[in-house]
Amino acid sequence: MLMATSAVGEVGIRARQLVDEADVTYATRFTWSCSAPTWDRILSNPLLMGELWKAYGFAPAYDMTARGDTLHVEDPTGLIGDAFRFHRGTGEVSYLVDGRLNHWAVPFFNEASAVFLLKSDFAQGKVVADLQVYIRASSTVGGIVLQAAKPLLAKHVDNRVTLNLQDVRKIVEELDTSPARVASRLSEKPLQHFESIFQK
């Protein structure tokens, strides 16, 4: 639950309100082969994961850039958002995302906010993680659209998250077993960024 996190400040308050008033919710669990040190580096460095996503050529082609304390994310499907990390604990990370969506699955729906809560633990050399997603429209009209299109949107979120996790798993497990092979996909600044994290 969000109350169990150490969220502070305005972002934490907004996130708590969003969870309580979400128009759409989604949850999933996954189990991957990954050591605790590798997983901790992954959770601490989302920008590097964005660079690796590009290097692996996965779709959609997320464009992720750091803007102060936020991550700005865009993709060709019409998603544009700014992610604020408001909690980071052992095996845990939480984000509040303000964004816009221009997608056929949700017509007449523009701005919304979402909270992503990830909590994980380890069992027999594997990471076991629970991901929860809460989405709330930024306007009354958007909320009505979300409620009307709730089954369709829930299916769209499930499809996007499931496919993304399948690809992220490939990066995570290769990072854990063959970091040199992962590094060979990078060059210039992304490679320097990788080496500063995984080859200390």
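Provided above is the structure to which this section pertains.
Reading guide: rules and limits
- Starting from 1, residues in each chain are numbered consecutively following that chain's sequence as written.
- Note on the predicted model: pLDDT of at least 70 is required for a residue's local features to be given, and 80 or more for side-chain atom pairs to be given and counted; whole-chain, interface and lining totals, by contrast, use all residues.
- Based on all heavy atoms of the structure, the side-chain values leave hydrogens and waters out of the count.
- Any two strands between which DSSP finds at least two bridges are classified as paired.
- The helix count covers DSSP runs of H or I at least four residues long, the strand count covers runs of E at least two residues long, and both are numbered beginning at the N terminus.
- Note on definitions: angles span 0 to 180 degrees between N-to-C directions of axes, and those axes are lines fitted to C-alpha atoms, for helices only across the stretch in contact.
- Whether two residues are in contact is decided by their heavy atoms: any pair within 4.5 Å suffices.
- Summary of the burial criterion: residues with accessible area below 20% of their type's maximum are buried, those above 50% are exposed, and those between are partly exposed, where the area comes from a 1.4 Å probe applied to protein chains only.

Trainee: Would you mind going over the sheet that holds strand β2 (residues 63-67) with me for this structure?
Mentor: Backbone hydrogen bonds are what pair the strands of a sheet, in a parallel or an antiparallel way. A sheet is described by the order of its strands in space; here seven strands give the open sequence β1-β7-β6-β5-β4-β3-β2, paired in antiparallel fashion. Taken across any chain shown, the strands that pair with only one partner, and hence form the sheet edges, are β1 (24-33) and β2. The mean angle between the axes of side-by-side strands here comes to 20°, regardless of whether they run parallel or antiparallel. Relative to strand β6 (residues 111-123), strand β5 (residues 92-101) runs antiparallel, the two being bridged by nine bridges. Its bridge partner lying in β6, Arg100 is registered against Glu111. Sheet strands touched by helix α3 (residues 46-56): β2, β3 (70-74) and β5. Its angle to β2, the strand with the most contacts, is close to 155°.

Trainee: Quick question: what am I supposed to make of unusual backbone geometry here?
Mentor: That bond from Ala59 to Pro60 is cis: its omega, 0°, falls within 30 degrees of zero. Checked against the element boundaries, Pro60 lands in the loop between α3 and β2. Backbone geometry at Gln124 places phi at a positive 55°, although glycine is not the residue there. Position of Gln124 among the secondary structure elements: in the loop between β6 and β7 (126-137). The backbone of Glu188 sits at a positive phi, close to 50°, despite the residue not being glycine. By the secondary structure assignment, Glu188 is in helix α7 (residues 188-198). A residue is classified by how much of its surface remains accessible, and Glu188, at 66% relative accessible area, is exposed.

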